[in-house]
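Tertiary structure, described
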Amino acid sequence: FTQPSDVVVSLPDAGSGPEVFVSDGYEKGRVVVLNYEGLYIREWEVNSSGNSQFQVPHSIEVDSFGRVYVAHRENGRTKIFYKNGTYIDQWQGNFDLSSNLEDSNTLSALAYSFRLDLMFSLEGSKIVIRDVGIGRNWNVVTSWNVASKGSPQDLAIGRKAETISNIYVSELNGILSQYVLE
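Rules used throughout
Residues numbered from 1 in each chain as written. Predicted model: local features only at pLDDT ≥ 70, side-chain atom pairs only at ≥ 80, totals over all residues. Heavy atoms only, no water. Helix = DSSP H or I, 4+ residues; strand = E, 2+ residues; numbered from the N terminus. Buried < 20%, exposed > 50% of the residue type's maximum accessible area, 1.4 Å probe, protein only. Contact = heavy atoms within 4.5 Å. Areas by Shrake-Rupley, 256 points an atom, 1.4 Å probe, with all protein chains shown as cover. Salt bridge = Lys/Arg side-chain N within 4 Å of Asp/Glu carboxyl O. Polar contact = N/O pair within 3.5 Å; in protein donor to acceptor, adjacent residues only side chain to side chain. Core = buried A, V, L, I, M, F, W, Y, C linked by side-chain atoms within 4.5 Å. Phe/Tyr/Trp six-rings, centres within 6.5 Å; stacked < 30°, edge-to-face > 60°.

Turning our attention to the overall build of the protein chain. Regarding its fold elements, the protein chain presents zero helices and 15 strands. By the burial criterion, 53% of the 182 residues in the protein chain qualify as buried. By sequence separation, contacts in the protein chain at least 24 residues apart represent 39% of the contacts at least 6 residues apart. As displayed, the protein chain has an accessible area near 8800 Å², and 48% of this comes from carbon and sulfur atoms.

Moving on to the environment of Ser 165. Following the sequence through the fold, Ser 165 ends up in strand S14 (residues 163-171). Under the relative-accessibility criterion, Ser 165 is labelled buried at 10%.

Under the counting rule described, the total for this entry stands at six salt bridges. Across the pair Arg 42 and Glu 19 runs a salt bridge whose closest N-O atoms are separated by 3.1 Å. Of the two residues, Arg 42 is situated in strand S4 (residues 40-44) and Glu 19 in strand S2 (residues 19-24); the sequence distance between them amounts to 23 residues. Residue Asp 24 is joined to Arg 30 by a salt bridge in which the shortest nitrogen-to-oxygen separation is 2.9 Å. For Asp 24, a relative accessible area of 0% puts it in the buried group. On the basis of relative accessible area, Arg 30 is assigned to the buried category, the value being 12%. Members of the salt-bridge network, linked through shared partners, are Asp 24, Arg 30 and Glu 43.

Moving on to unusual backbone geometry. A positive phi is found at Gln 3, a non-glycine position, where the angle reads about 55°. Among the secondary structure elements, Gln 3 is positioned in the segment before strand S1 (6-9). Although it is not a glycine, Asp 117 adopts a positive phi angle of roughly 55°.

Take Arg 30: it is sitting in strand S3 (residues 30-35). Side chain to side chain, Arg 30 and Glu 43 meet in a polar contact 3.0 Å long.

Let's shift gears to the nonpolar core. Grouped burial of nonpolar side chains is what soluble globular proteins tend to show. Ranked by size, the top nonpolar core spans 13 residues in total, and within it Phe 120, Leu 122, Ile 127, Leu 155, Ile 167 and Val 169 carry the most contacts. Going through the elements one at a time, strand S9 (107-113), strand S10 (118-123), strand S11 (126-131), strand S13 (152-160) and S14 are the ones with two or more residues in this core. It is S10 that provides the largest number of residues to this core, a total of three residues.

With respect to the secondary-structure elements, Gly 29 resides in the loop between S2 and S3. Separated by 43 residues in the primary sequence, Gly 29 and His 72 have C-alpha atoms spaced 9.5 Å apart.

Turning our attention to the packing of aromatic side chains. Overall, the coordinates contain seven aromatic pairs when judged by the stated rule. Between Trp 44 and Phe 81 the ring centres are 4.7 Å apart and the planes differ by 35°, which places this aromatic pair in the tilted class. In this pair, Trp 44 is assigned in strand S4 and Phe 81 in strand S7 (residues 77-81), connecting sequence segments 37 residues apart. Neither Trp 44 nor Phe 81 differs from the other in exposure class; each is buried. With centroids separated by 6.1 Å and ring planes inclined at 45°, the aromatic side chains of Tyr 69 and Trp 91 adopt a geometry described as tilted. Residue Tyr 69 is found in strand S6 (residues 68-72), and its partner Trp 91 is found in strand S8 (residues 87-92); the two are separated by 22 residues along the sequence. No difference in accessibility class separates Tyr 69 from Trp 91, as the two residues are buried. Clustering of aromatic rings is evident, with ring pairs tying together Phe 21, Trp 44, Phe 81 and Tyr 87.

By themselves, these are just geometric observations and shouldn't be taken as functional.
Given below as structure tokens:
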């Protein structure tokens with residue numbers, strides 16, 4: 001690996017164990033898949049503009065249906081694949097174009113809620129929540145601007161019972177912000 005940017009472990013499939021997906025983002029621009037013991041299985045060709053290719057895969061998630069979501073930082077979009085690397089679809093970021101932040105048109109982070117089947121993404125200066133259930137077409141449920149003083153880079157969701165209780169956003173300048181959902 002050279003400068004991997006994120007890692008996620010999938011749920012096990014029938015007859016096979018979980019897989020580890022690594023976004024090896026900045027230099028090689030690829031997704032590498034390992035078995036649970038860390039042995040190489042496959043990788044996806046990258047560094048181009050085709051549907052299954054990207055320049056800087058910055059964040060990666062796997063949903064309960066086994067679909068792999070890769071946040072393509074520099075192109076401001078998320079691409080969706082089957083676990084074998086076959087391209088499914090993509091969505092373009094929902095950016096606040098009036099933002100004066102340096103990274104206002106980049107898509108830098110993803111976080112998935114298994115309980116609610118929602119994908120949270122950090123799209124420039126916005127937190128965007130999408131419904132990613134089967135047949136739901138990645139529709140935006142809600143979004144809002146973060147109170148950023150720098151460059152938002154990552155987000156995580158806190159879990160409380162059957163709901164999402166908190167969203168945390170970290171920035172390159174060392175600030176960690178918390179958003180409480182009622």
